[in-house]
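Observations on the model geometry
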Amino acid sequence: MEPASTPTRRITSLDGLRGIAAVVVLVYHALLVVPALAAAYFDEPVPQGVRWFVFTPAHIVWAGTEAVTVFFVLSGIAITLPVLKAASFNWLAYYPSRLIRLYVPVAASVFLAIAFALAVPRVVTAGQSAWMDYHVYGITPRTVLQDLILVFGTTPMNSPLWSLQWEVIFSLLLPLYVWVAIKLRRHGLLLVAISVVVVAIASYIRPGSSGVMAQVTTASTYLPVFMVGCAIAVRLSNGEMRSRDELAFHSRRWIGIVLLFVAVMSVTSHWWFAPFAGDPWTGLSSIMLLLGAIILVMLAVFWPPMVRFLNFAAVLWLGRVSFSLYLTHEPIVVSVGSLLPLELRWLTAVISIPISFVVAWLFYRFVESPSHRLSQTIKQRISSRSSHTAQALSS
């Protein structure tokens, strides 16, 4: 199935890419239960036997933190495109609709995580991975409220929620993002370049910063990534530009293979090069990661083989439940890991991944999907009332 030829249709292949990224995050967390694999993320020595899986492009199958960058770019596209398509976008209806869409599933996932933590207590155990120890965290009304609010940071109880802090802030700032993207629509490459440079500088400064500077550099590390998605959305909404992009991929089929290789190498660059380059590599690897994410998104839209793969029914199903999978999988992984003896912790992925898919589908069916319908109902009602009010005032 080819990508939609007009910007008015949903680009389903991007849903498929989101689903693959969610699976990568799931695999990432399931493997961090293994001490040898978690070591690289906690500045511990990595055993020689697994270095090939950590410090090579093979890391792509569990590049969880890198997958979140892809999520942010996709969010920038998905949320901006409807604004660009609409003849008259109703911002009054957008805010309650968007916040309900985000916060209802998040709240449900917080209480689900509490239930798992109470059923299977998290304890520090000699010999277990530092990642498992990281989840030994007291549950108090304050920590629960912090996870429910999101915008002031989150706790380790369900650590994937950290990215929702930036999703919410981006959603609140969407009018500004869209205004900038439209104003610079003829200079999209410049806007992307500026965003990439800001991310690189912030990534380089952030490790040594503290206080207010730490907050600024953290925000500057993540929020510009959404702007990249906005710039791509502007390009996708321009039929002439999109036709040229499609023609380039169709007339030079080999280019997709080359770009896919470049994307994998770029997304995993921190792992295959950082051990030899030291701290100065941090900023450059951030640039390569973001460029790799951009290439993956463009391949998902324009390269026919990847478009066909991402439109397979199973992959689209993953895209449909990706948000639910992202919100619910970690408490399951940690619980399974806690129940297994240390010598069998490697079985965590085998056991927790299938369970996570089942729970994600149930969560989607009974939480996320109803919340989406509720958000759409509220959006339609507010839009209808706004329309009636406008008509009354004009008559």
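Residues numbered from 1 in each chain as written. Predicted model: local features only at pLDDT ≥ 70, side-chain atom pairs only at ≥ 80, totals over all residues. Heavy atoms only, no water.

Let us look at the confidence of the model for the protein. Overall, the prediction assigns the protein a mean pLDDT of 90, with 90% of residues at 70 or greater. The element-level mean pLDDT for the protein is lowest in helix 12 (residues 239-251), coming to 67, with helix 18 (residues 322-339) highest at 98. Of the regions scoring below 50 in pLDDT, residues 1-8 engages in 23 contacts with residues more than four places distant in sequence or in other chains. (pLDDT = per-residue confidence, 0-100. Helix = DSSP H or I, 4+ residues; strand = E, 2+ residues; numbered from the N terminus. Contact = heavy atoms within 4.5 Å.)

The complete set of buried residues in helix 7 (residues 141-149) reads T143, V144 and D147. The buried residues of helix 7 occupy one face: seen down the axis, they fall within an arc of 100 degrees. Counted as exposed and oriented over 90 degrees from the buried face of helix 7: P141 and R142. Directly beyond the C-terminal end of helix 7, a positive phi value near 75 degrees is found at L150. (Buried < 20%, exposed > 50% of the residue type's maximum accessible area, 1.4 Å probe, protein only. Arc of directions from axis to C-beta.)

A few words now on the nonpolar core. I77 and I232 are the most contacted members of the largest nonpolar core, which has 105 residues in total. Here this core gets 13 residues from one element, more than from any other, and that element is helix 11 (residues 211-237). Dropping the residues within four chain positions of it, I77 is found in contact with L14, G229, C230, I232, A233, L236 and V297. (Core = buried A, V, L, I, M, F, W, Y, C linked by side-chain atoms within 4.5 Å.)

With that settled, the discussion passes to the pattern of salt bridges. One pass over the full model with this rule turns up 3 salt bridges. R101 is the partner of E368 in a salt bridge, and the nearest nitrogen-oxygen pair spans 3.2 Å. Taken together, the residues span a long stretch of sequence, with E368 in helix 19 (residues 348-394) and R101 in helix 5 (residues 91-119) at a distance of 267 residues. For E368, a relative accessible area of 3% translates into the label buried. (Salt bridge = Lys/Arg side-chain N within 4 Å of Asp/Glu carboxyl O.)

So, on to the packing of aromatic side chains. Applying the stated rule across the entire model yields 20 aromatic pairs. Aromatic side chains F89 and W91 sit 4.7 Å apart centroid to centroid with 70 degrees between the ring planes, which places their arrangement in the edge-to-face category. Using a relative accessible area of 27% as the deciding quantity, one classes W91 as partly exposed. Ring centres 4.8 Å apart and planes at 90 degrees place the aromatic pair F170 and Y177 in the edge-to-face group. Given a relative accessible area of 0%, F170 falls into the buried group. The exposure class of Y177 is buried, given its relative accessible area of 7%. Aromatic ring contacts, followed pair by pair, group Y28, Y41, W52, F53, F55, W62 and W271 into a single cluster. We note R365 situated over the ring of F366; from NZ or CZ to the ring centre the distance is 5.2 Å. (Phe/Tyr/Trp six-rings, centres within 6.5 Å; stacked < 30°, edge-to-face > 60°. Lys NZ or Arg CZ within 6 Å of the ring centre and 35° of its normal.)

Our focus in this paragraph is the packing of helix 5 against helix 8 (residues 162-172). Viewed as axis vectors pointing N to C, helix 5 and helix 8 meet at an angle of 170 degrees, and their least axial separation amounts to 10 Å. In this view, helix 5 runs roughly antiparallel relative to helix 8, as classed from their interaxial angle. Here Y94, Y95, R98, L99, L102, Y103 and V106 of helix 5 come into contact with helix 8, specifically with L164, E167, V168, S171 and L172. Split into classes, the residues belonging to the contact of helix 5 with helix 8 amount to 9 nonpolar, 1 polar and 2 charged. (Axes fitted to C-alpha atoms, helices over the stretch in contact; angles between N-to-C directions. Parallel < 35°, antiparallel > 145°, perpendicular 65-115°, else oblique. Nonpolar A, V, L, I, M, F, W, Y, C, P; charged D, E, K, R; others polar.)

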